[in-house]
Amino acid sequence: MTIELRDYQEDAVQALFDYFKTNGGNPLLELPTGAGKSILLAEIIRRAVEQYRPTRIIMLTHLKELIEQNYRALCSVWKGTPPAGVYSAGLGLRDMGDQIIFASIQSAVNDVEGFGPRDLIFVDEAHRIPKAGSGQYLEFISRMRAMNPSVKVIGLTATPYRMSGGYLHRGADRIFTDIAYCVGIR
């Protein structure tokens, strides 16, 4: 089944790949609720693996429903069976060796090294990552960077601003360095 992206989704995919051609940072994609982040994420992952075959990816989020939704989206854009698995106690699945893993942060943080080094970490609902201090996402990213200092973190969010710390891509101790693409509400 072929999924045709909306114009702004295609623009977001292209903007992310263009970003990595010229920047070494960790970008955010800012898309409002209802913009189709799951399909967008799936298409980015599909193209990343297609263009850079050995790329190992983990996609993190905090809700099992989002894990299932994002995994199903990947299956809908992939020709055949994707090299993907799910790691979530809430879903009763503990896949670790697949090239692409969809995981709950609550489960994954307890076994970071078991996933082996990854090249890309996607975080759906990236506004849940604190800018500083501690937390499961920060611990996971830190331990993943110990295995691969070049790992890139890509966040997807509708809200790149936190009342407790300002913009996610500004200030000291931030994970994200830029907004690679922003879709307005209209």
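Throughout what follows, the structure given in this document is the object of discussion. Please read all numbers here as calculations on a predicted model, not as lab measurements.

1. Thoughts on the pairing of strand 7 (residues 152-157)
With five of six residues buried, strand 7 lies mostly within the body of the structure. Note that strand 1 (residues 27-30) and strand 7 share three bridges and pair parallel. Looking across to strand 7, one finds that L28 is bridged to G155. As judged from the five bridges shared by strand 6 (residues 120-124) and strand 7, these two strands associate in the parallel manner. Counted as the bridge partner of L120 is K152 from strand 7. Tracing the backbone out of strand 6, into helix 5 (residues 136-147) and back to the parallel element strand 7 gives a crossover that is right-handed.

2. Some words on helix 1 (residues 7-22)
Taking 1.5 Å of rise per residue, the 16 residues of helix 1 would be expected to cover 22 Å, and the 23 Å separating its terminal C-alpha atoms lies within 8% of that figure. Burial in helix 1 covers these residues: Q9, A12, V13, A15, L16, F17 and Y19. On its buried face, helix 1 is in contact with strand 1, helix 2 (37-51), strand 7 and strand 10 (178-182).

3. Observations regarding the side chain of R118
Following the sequence through the fold, R118 ends up in the loop between helix 4 (105-108) and strand 6. Although buried, R118 forms no salt bridge, and the nearest oppositely charged side chain, D98, lies 7.3 Å from it. A polar atom in the side chain of R118 sits 3.0 Å from the backbone oxygen of I57. The residues contacting R118, other than those within four sequence positions of it, are R56, I57, I58, M96, D98, Q99, I100, I101, M144, N148 and V151.

4. A short note on the sheet that holds strand 2 (residues 57-61)
Taken together, eight strands build an open sheet; the order of strands is 4-3-5-2-6-7-1-10 and the sheet is mixed. Two strands bound the open sheet, and with one partner strand each, they are strand 4 (93-94) and strand 10. Pairing of strand 2 with strand 6, which is carried by four bridges, proceeds in the parallel orientation. When the sheet's bridge partners are listed, L60 is paired in strand 6 with V123. Contacts from helix 5 reach strand 2, strand 6 and strand 7, with the element oriented near 170° to strand 6.

5. Looking at the environment of S38
Topologically, S38 is positioned in helix 2. The spatial distance from the C-alpha of S38 to the C-alpha of G92 is 21 Å, given a sequence separation of 54 residues. If sequence neighbours within four positions are ignored, S38 has contacts with Q69, N70 and A73.

6. Considerations on the pattern of salt bridges
Applying the stated rule across the entire model yields seven salt bridges. E10 serves as the salt-bridge partner of R47, at 2.8 Å between the closest nitrogen and oxygen. With R47 in helix 2 and E10 in helix 1, the pair connects residues that are 37 residues apart, well separated along the chain. Note that E139 and R143 form a salt bridge whose closest N and O atoms lie 3.0 Å from each other. Of this pair, E139 and R143 are both found in helix 5, four residues apart, which corresponds to roughly one turn of the helix.

7. A few points about helix 3 (residues 64-77)
Over its 14 residues, helix 3 runs 20 Å from end to end, which matches the ideal 20 Å to within 8%, given 1.5 Å per residue. Taken residue by residue, helix 3 has L66, I67, N70, A73, L74, S76 and V77 as its buried positions.

Conventions adopted
- Throughout, a residue's number is its position along its own chain's written sequence, starting from 1.
- Confidence filtering applies because this is a predicted model: local features only for residues at pLDDT of at least 70, side-chain atom pairs given and counted only at 80 or more, and all residues used for totals across whole chains, interfaces and linings.
- Side-chain metrics in this entry use all non-hydrogen atoms of the structure; hydrogen atoms and water are not considered.
- Exposed residues in this analysis have more than 50% of their type's maximum accessible area, buried residues have under 20%, and partly exposed residues fall in between, with area computed by a 1.4 Å probe over protein chains only.
- Helix and strand labels come from DSSP, where a helix needs a run of H or I of at least four residues and a strand needs a run of E of at least two; each type is numbered from the N terminus.
- A strand pair is defined by DSSP finding two or more bridges across the two strands.
- Call a crossover right-handed when, viewed with both strands pointing away from you, the route from the first strand across the helix to the second goes clockwise.
- Helix span is expected to be 1.5 Å times the residue number reduced by one.
- Contacts are residue-level and defined by heavy atoms, with any inter-residue pair within 4.5 Å sufficient.
- Here the positive residues are Lys and Arg and the negative ones are Asp and Glu; neither His nor the chain ends is included.
- Any carboxyl oxygen of Asp or Glu that lies within 4 Å of a side-chain nitrogen of Lys or Arg is treated as forming a salt bridge with it.
- Any pair of nitrogen or oxygen atoms within 3.5 Å is treated as a polar contact; in protein, a donor-acceptor pairing is required on top of that, and neighbouring residues in sequence qualify only through side-chain atoms on both sides.
- Only the stretch in contact is used when fitting a helix axis, every axis being a line fitted to C-alpha atoms; angles between N-to-C directions are given from 0 to 180 degrees.

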